[in-house]
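Listed below are the residues making up each chain.
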Amino acid sequence: MALLCRSVTFIKDGNKNRLREQDIHKIVDTFTRQIDTPRYARMVPFDEIADPKNDFNLNLPRYIDSTEPEDLQDIDAHLNGGIPERDLDALSAYWQVLPGLRAALFEPLRPGYARLKLPLAEVKPAIFSHPEFTAFNQAATQRFTDWREATTPRLTAFDQDAHPKALIETVAEDLLERFRKAPLLDAYDIYQHLMDYWAETMQDDAYLIAADGWVAKPTRIIETDKKGKTRDKGWTCDLIPKPLIVSRFFGEKQAALEHLQSNLDSVSASLEELVNEHGGEEGILNDVSTKADAQAAYRQALIGLWSIDDKLACDKYEMLVIEADDKATLLRTLADHHYMTPLKSDKGSLTLKSVKARLTATDDPSEQAILFEYLQADKLRKKSFKEAEDLLMPVASRYRTRLETRPVPEDLIDLDVAARYLALLDEQTTLKAAVNEAEATLDNLAYAQYPKLSEAEIKTLVVDDKWMTHLSAVSQGELDRVSQTLTRRIRELAERYAMPLPALTDEVAALAARVEEHLKRMGAVWK
């Protein structure tokens, strides 16, 4: 007898096909156990291979039909509605485990056809809440729990100089055996999740433990630039990452940080919403991206209102601003004079103190004139700016009072938007600082916790909090996939036969009549 396998599963890896751990294991199991699996493998008698019609040809399709069953369309259902019982019967694997669920979801429509009792949106919640699905879920979860209870002592007993490959072989085979008889679940998929996690994380952890024992020491991340300067970029710990320490020992502080981050996200969303609403070509927040831009937009809106209420005072303010700007321009020009170059710092900044000191020290009349002009320009700029601000401050205060009116007066909407944007920016800055401070505090606390960890705590963090938490989540994902697959197929069938052909014809006729009536009203008639 010969064993022939067809449609072996695999994954794409670039331009190649790669067998996963579960694929290899399934092939080996099928061969060693001589299992006949429809559309996958079968034991073929030698006589069948030697038969003249095969003539020892080992082309697999001769012996194994691996094609998926065709999803047939039902003409009667398309004409008269209803979901064919034949399609529901094809889901027999589900109904064997969940016999009452079929009756809860479907009711007879006519011989050979059924219809949903519930709206499509309620199908998935109905599956999840059905007692039989709950029992199935609990039974499958219990299989994982039993494996976890049996495996945890093996994992915690693993120690220095142990063999990681022997460890994973033992625990993986145990997991596979426990799920072999689990209905609706593919034990090899559960096995693959463990092997994937082993390749991604557990394997490295196991080799660290085999080399050093149950020791968790954080290491600093030091980067060196091209000039040889080093920079501390924080720290890391491969065996016990920081989130595990934070979650177990500093949960309250983490919750407080998450609350701050949530508030920061909310403020950032509000800022984005304001920009989307008022950032158009004629919007007050057009081209606003910084606090300086927002302040300029606010001042522009304020001056626009002030100009209407008191043009004379507003014009005086604008003249003072122009004078201050002119002096600022002169200061920038003078700062580039060659007399000023020696007075600048390494970063190119120029201070009044250095200018005054040089004016006192120099005897050069030309240099004295430039230095004196610089000091005078600075004095006049400050004077004009102060006078302008003295005019603006009471006006700004008056309009801030008016902005407290609700609803905001129509003429103050732009000013209100700019004011709210600035307030949100200030709140965002405060929250960012609070988040950074909380993160730094939490980082220091976590880093200081590692030397305090006992071996028992390290094992708990690694085995329970890290390994088992991840594996429990992916196991639950497989359970969720069962309900999602069933829901998807039910939805597909319900939508396929939702509107029978006569109903479609009637709808098309009604729409055509409406279009024709509209065309007649427009004077367009055709034969």
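Now for a look at the structure at hand.

Quick notes on the rules
- Residues numbered from 1 in each chain as written.
- Predicted model: local features only at pLDDT ≥ 70, side-chain atom pairs only at ≥ 80, totals over all residues.
- Heavy atoms only, no water.
- Helix = DSSP H or I, 4+ residues; strand = E, 2+ residues; numbered from the N terminus.
- Rg over C-alpha atoms; globule rule 2.2 N^0.38 Å.
- Buried < 20%, exposed > 50% of the residue type's maximum accessible area, 1.4 Å probe, protein only.
- Contact = heavy atoms within 4.5 Å.
- Expected span 1.5 Å × (residues − 1).
- Salt bridge = Lys/Arg side-chain N within 4 Å of Asp/Glu carboxyl O.
- Pairing = 2+ DSSP bridges.
- Polar contact = N/O pair within 3.5 Å; in protein donor to acceptor, adjacent residues only side chain to side chain.
- Patch = residues over 30% accessible without salt bridge, like charges linked within 9 Å, V, L, I, M, F, W, Y side chains within 5 Å.
- Areas by Shrake-Rupley, 256 points an atom, 1.4 Å probe, with all protein chains shown as cover.
- Phe/Tyr/Trp six-rings, centres within 6.5 Å; stacked < 30°, edge-to-face > 60°.
- Axes fitted to C-alpha atoms, helices over the stretch in contact; angles between N-to-C directions.
- Parallel < 35°, antiparallel > 145°, perpendicular 65-115°, else oblique.
- Left-handed = near helix turned anticlockwise from the far one by under 90°.
- Nonpolar A, V, L, I, M, F, W, Y, C, P; charged D, E, K, R; others polar.

1. Details of the overall build of the protein chain
In terms of helices and strands, the protein chain carries 19 helices and nine strands. Taken over C-alpha atoms, the radius of gyration comes to 38 Å for the protein chain, far larger than the 24 Å a tight globule of 527 residues would show. Taken along its principal axes, the extent of the C-alpha atoms in the protein chain is 120 × 90 × 50 Å. In the protein chain, buried positions account for 33% of the 527 residues. Within the protein chain, contacts between residues at least 6 apart in sequence are counted, and of these 69% link residues at least 24 apart.

2. Examining helix H9 (residues 164-179)
What sets the pattern is the α-helix's 3.6 residues per turn: residues three or four places apart point alike. With 16 residues, H9 should cover 22 Å at 1.5 Å per step; its first-to-last C-alpha distance of 23 Å lies within 8% of that length. Residues of H9 that are buried include every one of Pro164, Leu167, Ile168, Val171, Ala172, Asp174, Leu175, Leu176 and Phe179, and no others. Next to the buried residues of H9 lie helix H1 (21-33), helix H8 (131-157), helix H10 (187-212) and helix H18 (455-496).

3. Here we look at the pattern of salt bridges
The tally for this structure, following the rule as stated, stands at 36 salt bridges. The partner of Arg86 in a salt bridge is Asp74, with the nearest N and O atoms 3.6 Å apart. Of this pair, Arg86 sits in helix H4 (residues 85-89) while Asp74 is found in the loop between helix H2 (46-50) and helix H3 (75-80), placing the two residues twelve residues apart along the sequence. Residue classification places Arg86 among the partly exposed positions, given a relative accessible area of 41%. In the salt-bridge network here, residues are joined through shared partners; they are Asp71, Arg489, Glu492 and Arg496.

4. A word on the sheet that holds strand S6 (residues 106-110)
Read from one edge of the open sheet, three strands run S5-S7-S6, paired in antiparallel fashion. Single-partner strands in this sheet number two, and they are strand S5 (83-84) and S6. Bridge analysis of S5 against strand S7 (residues 113-116) gives two bridges, and the strand direction is antiparallel. By the bridge assignment for S7, Ile83 is matched with Ala114.

5. What to know about the side chain of Gln428
Positionally, Gln428 belongs in helix H17 (residues 413-449). Since its relative accessible area comes to 14%, Gln428 is described here as buried. At 3.1 Å, the side chain of Gln428 and the side chain of Ser268 are in polar contact. Residues within four places of Gln428 in sequence aside, it is in contact with Leu264, Val267, Ser268 and Leu271.

6. Section: the side chain of Thr362
Here Thr362 lies in the loop between helix H15 (352-361) and helix H16 (365-403). Polar side-chain contacts of Thr362 include one of 2.9 Å to the side chain of Glu367. Among all residues touching Thr362, those that are not within four sequence positions of it are Glu367, Gln368 and Leu371.

7. Some thoughts on the pairing of strand S8 (residues 219-224)
Bridge analysis of S8 against strand S9 (residues 230-236) gives five bridges, and the strand direction is antiparallel. Among the inter-strand pairings, Ile222 is bridged to a residue of S9, identified as Asp232. Counting the residues in the hairpin turn of S8 and S9 gives five residues, including Gly228, whose phi is positive at 90 degrees.

8. Focus on a nonpolar patch on the surface
A cluster of nonpolar side chains, contributed by Ile75, Leu79, Met499, Leu501 and Leu504, occupies part of the molecular surface with about 430 Å² of accessible area. Those elements giving two or more residues to the nonpolar patch turn out to be H3 and helix H19 (501-521).

9. Regarding the pairing of S6
As judged from the four bridges shared by S6 and S7, these two strands associate in the antiparallel manner. When the sheet's bridge partners are listed, Arg110 is paired in S7 with Tyr113. In this antiparallel pair of consecutive strands, S6 and S7, the connection spans two residues, and Gly112 shows a positive phi of 90 degrees.

10. Quick word on unusual backbone geometry
Cis geometry is found at the peptide bond from Arg406 to Pro407, where omega equals 0 degrees. Its place among the elements puts Pro407 in the loop between H16 and H17. At Leu184, a residue that is not glycine, the phi angle is positive and equals roughly 65 degrees. Following the sequence through the fold, Leu184 ends up in the loop between H9 and H10. Backbone geometry places Asp287, a non-glycine residue, at a positive phi of 65 degrees. Summarising the element assignment, Asp287 is placed in the loop between helix H12 (251-278) and helix H13 (291-309). Its relative accessible area of 65% is what places Asp287 among the exposed residues.

11. Remarks on the packing of aromatic side chains
By the definition in use, this model includes nine aromatic pairs. Measuring from centroid to centroid gives 5.5 Å for Phe144 and Trp147, while their planes differ by 45 degrees, and the two rings are tilted. Here the residue Phe144 and the residue Trp147 both occupy positions in helix H8, the gap between them amounting to three residues, near one helical turn. Ring geometry for Trp235 against Tyr450: centres 5.5 Å apart, planes inclined by 80 degrees, an arrangement best described as edge-to-face. One end of the pair, Trp235, is in strand S9; the other, Tyr450, is in the loop between H17 and H18, and 215 residues separate them in sequence.

12. Section: the packing of H12 against H17
It is at 9 Å that the axes of H12 and H17 come closest, and there the two elements cross at 155 degrees. Compared by their axis directions, H12 and H17 come out roughly antiparallel. The handedness of the crossing between H12 and H17 comes out as left-handed. Looking at the contact of H12 with H17, its residues break down into 17 nonpolar, seven polar and five charged.

13. Quick look at the environment of Leu392
Within the fold, Leu392 resides in helix H16. Judged by its relative accessible area of 5%, Leu392 is buried. Sequence-wise, Leu392 and Leu302 are 90 residues apart; in three dimensions their C-alpha atoms are separated by 9.1 Å. Not counting chain neighbours up to four residues away, the residues in contact with Leu392 comprise Arg299, Leu302, Trp306 and Tyr317.

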